[in-house]
Structures are given as structure tokens and as C-alpha cells.
Amino acid sequence: RHRALILSFYNFVRTADDIADHATLAPAEKLRLLDLFEAELLGKGDTQKEAVSLRNAFAERAMPPRHALDVLVAFRMDVTKLRYENWDDVIHYCRYSAMPVGRFMLDVHGESTSTWPASDALCAGLQINNHLQDCAKDYRDLNRVYLPRDALAASGATVEMLGEARSPPALLKCLQGLAVRTETLLNESKSLGAEVKDFRLGLEIAVIQAFADKIVGMLKGRDPLSERVHLSKSELLVQSIGAITGEMIRRAAGRRPQPKPAAGA
């Protein structure tokens, strides 16, 4: 029942993301197109089909466009901001790139805004997992580095090391340290499934959490420059089945999920 609205949101976000990441468009043109997307989402024109479709879908539900507008903030940052100073700087980016997507899904399903903090933690964890997985590609293709400057400096690493075939020890130390910090974020999101009332959404969240936990485990022990840090099809299947089964049992028993112990505890 929510598929049409979610698909419209996805198409809007995907197209705007493609604009921000376009290989040949000048930054000024990217910003112009993103501004056009925002204007038409707000009813000022009908030339961009993804913006018009989402505008109409929001109108049918009497939903405000705030989450889509927030995501556009992140895409403008992708155009204008190539480096991040510290962890808080990265979380600020996640506030606009990832957290609005979770909040949108919760709103669509009629969930309380009290679920937002756990959702924000999960979405930020997913986003930073992706940053770590694709750190070399982002640097090579877009000259974009989401690794905090202070974390690189503290490990004795440099941005230029991302261009190597294998992480030098200093860079690997930085990457794995960031993965540990991301795991803490993902631990903070463990309550989300229990907070969500919608059964099917709860199952989906359980699967997403399982994927994120598995990936961050890989990132804690592997080098994303030279080793596989994405889930295979078989791993996706196993994690999905395990998560769905576990969530169904948890809901039947009325138990709350238990967070993992902190690293080193």
C-alpha cells in the first residue's frame, strides 16, 4: 500500500544523487539542477518528472516534503564539500544524507517520531559503512573523502594513501578504528525493531540491521582497498533468513533486542 509513494521518493533521491555524482557536469550546473528539483518539488514548475511525481504523491497523503528537502541539502554538500574535519562533521552530513530516508519510511508507516533517534543511528551507521567500503572509489572517481581529517592525522595516515592498491598500516588503523566507532552507532539502533509497530517494517529493519552488523564486522578486520567488504548473494540470503526468523520470534515473545557489549568490554 505504500509502494507508489516509496518508489516516487526513491526515484527522486536516486536522480538527485546521480546529478551530484555526475562525472562531467560542472559544479554550478549540478547546483542549478538540484535547485530546480527543489523548486518543482515545492510546486514551482513541471519539467522534472521525478520532482513532480513525488510532489503529487506527497499531496495525496497530505505529507510535507521535509525529508526530501533534507536529502537535497546533502547532495549540495556532495557538490561543494570534498573533505570532512571530524566525526561530528561526518554525522552532520549523515543528518541530511541518510537520516531523512529512515524518518521518511517511519512517517510513511505511521510510526511515532520517538523512533527517530534509533533510526538515525541505524541510518548513520549504514552511511558510514558505505563510506568505508567505497573510500578508495570515492577518492579516485570524485576526489571526495568522507574519512575525518583528524582521524587520518591521529593514525599518521594521509588522503593520498587512498590511491594505493593496499592500505598502508596507518590508513588501515584509521579505517578499522572508524569501523569500531560505527559499530557503536549500530549498537545504539538495536531498539528500533522493538519500537516500530508495523510488522513488515519491523522485519525489514531487522534485515537491514543484520546486513549493517555483518558489514561493519568485515570492515573491522579487512582492508577495503584490497579485500572484499561487501556481502555476497549467499551471505545476503543467510543474513535475511536469520534476521527475519529472529525478529518474528522476538515479536512473538515480546522481548526487546539486547545491545552488543561495547568493543573491548
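Residues numbered from 1 in each chain as written. Predicted model: local features only at pLDDT ≥ 70, side-chain atom pairs only at ≥ 80, totals over all residues. Heavy atoms only, no water.

## Here's the deal with the nonpolar core
The nonpolar side chains of a soluble globular protein tend to be buried with one another. Counting 72 residues, the largest nonpolar core has Phe-12, Phe-58, Leu-147 and Leu-171 as the members making the most contacts within it. Per-element tally for this core: the top contributor is helix H10 (residues 169-188), with eight residues. In contact with Phe-58, not counting residues within four places along its chain, are Leu-5, Phe-9, Leu-41, Met-63, Pro-64, Pro-65, Ala-68 and Phe-104. (Core = buried A, V, L, I, M, F, W, Y, C linked by side-chain atoms within 4.5 Å. Buried < 20%, exposed > 50% of the residue type's maximum accessible area, 1.4 Å probe, protein only. Helix = DSSP H or I, 4+ residues; strand = E, 2+ residues; numbered from the N terminus. Contact = heavy atoms within 4.5 Å.)

## Quick notes on helix H4 (residues 66-80)
Under the 1.5 Å per step criterion, the end-to-end length of H4 is 22 Å for 15 residues, consistent within 8% with the ideal 21 Å. All of the buried residues in H4 are His-67, Ala-68, Asp-70, Val-71, Leu-72, Ala-74, Phe-75, Arg-76, Met-77, Asp-78 and Val-79. (Expected span 1.5 Å × (residues − 1).)

## What to know about the packing of aromatic side chains
Throughout the structure, instances matching the rule amount to six aromatic pairs. Aromatic side chains Phe-58 and Phe-104 sit 6.3 Å apart centroid to centroid with 80° between the ring planes, which places their arrangement in the edge-to-face category. Taken together, the residues span a long stretch of sequence, with Phe-58 in helix H3 (residues 49-61) and Phe-104 in helix H6 (residues 99-108) at a distance of 46 residues. Looking at Phe-104, the relative accessible area reads 1%, which means it is buried. Taken together, a centroid distance of 5.5 Å and an interplanar angle of 25° make the contact between Tyr-84 and Tyr-146 stacked. Taken together, the residues span a long stretch of sequence, with Tyr-84 in the loop between H4 and helix H5 (87-97) and Tyr-146 in the loop between helix H8 (135-142) and helix H9 (149-155) at a distance of 62 residues. Each member of the pair, Tyr-84 as well as Tyr-146, carries the same accessibility label: buried. Clustering of aromatic rings is evident, with ring pairs tying together Phe-9, Phe-58 and Phe-104. Positioned above the aromatic ring of Tyr-84 is the side chain of Lys-81, whose terminal nitrogen or guanidinium carbon lies 5.0 Å from the ring centre. (Phe/Tyr/Trp six-rings, centres within 6.5 Å; stacked < 30°, edge-to-face > 60°. Lys NZ or Arg CZ within 6 Å of the ring centre and 35° of its normal.)

## What to know about the packing of H5 against helix H7 (residues 116-133)
Relative to each other, H5 and H7 sit at 115°, their axes nearing to 9 Å. As summarised for this structure, H5 and H7 are arranged roughly perpendicular, according to the angle between their axes. Like other packed secondary-structure pairs, H5 and H7 cross with a definite hand, here right-handed. Contact with H5, carried on its side by Trp-87, Val-90, Ile-91, Tyr-93, Cys-94 and Ser-97, involves Ala-124, Gln-127, Ile-128 and His-131 of H7 and no other residues of that element. A per-class count over the contact of H5 with H7 returns seven nonpolar, three polar and no charged. (Axes fitted to C-alpha atoms, helices over the stretch in contact; angles between N-to-C directions. Parallel < 35°, antiparallel > 145°, perpendicular 65-115°, else oblique. Left-handed = near helix turned anticlockwise from the far one by under 90°. Nonpolar A, V, L, I, M, F, W, Y, C, P; charged D, E, K, R; others polar.)

## Considering the pattern of salt bridges
Counted according to the given criterion, the structure contains 19 salt bridges. The closest approach of N and O atoms between Asp-18 and Arg-14, which form a salt bridge, is 3.7 Å. Here Arg-14 and Asp-18 lie together in helix H1 (residues 3-20), a separation of four residues that amounts to about one turn. Taking the relative accessible area as the measure of exposure, Asp-18 reaches 43% and is therefore partly exposed. Arg-95 is the salt-bridge partner of Asp-70, the closest N and O atoms lying 3.2 Å from each other. Remark: Arg-95 occurs in helix H5 and Asp-70 occurs in helix H4; sequence separation between them is 25 residues. Taking relative accessible area as the criterion, Asp-70 reaches 16% and is therefore assigned buried. (Salt bridge = Lys/Arg side-chain N within 4 Å of Asp/Glu carboxyl O.)

## What about H5?
Of the positions making up H5, those classed as buried are Trp-87, Asp-89, Val-90, Tyr-93, Cys-94, Tyr-96 and Ser-97. On its buried face, H5 is in contact with H4, H6, H7, H9 and H10.

## Some remarks on unusual backbone geometry
Unusually for a residue other than glycine, Ala-62 sits at a positive phi of about 55°. Structurally, Ala-62 is set in the loop between H3 and H4. Unlike most non-glycine residues, Asn-143 shows phi in positive territory, near 55°. Assignment of secondary structure puts Asn-143 in the loop between H8 and H9.

## A short note on the environment of Arg-83
By the secondary structure assignment, Arg-83 is in the loop between H4 and H5. The spacing of Arg-83 and Val-159 is 76 residues in sequence and 9.6 Å in space, taken between C-alpha atoms. Among the polar contacts listed, one links the side chain of Arg-83 to the backbone oxygen of Asn-143, at a separation of 2.7 Å. (Polar contact = N/O pair within 3.5 Å; in protein donor to acceptor, adjacent residues only side chain to side chain.)

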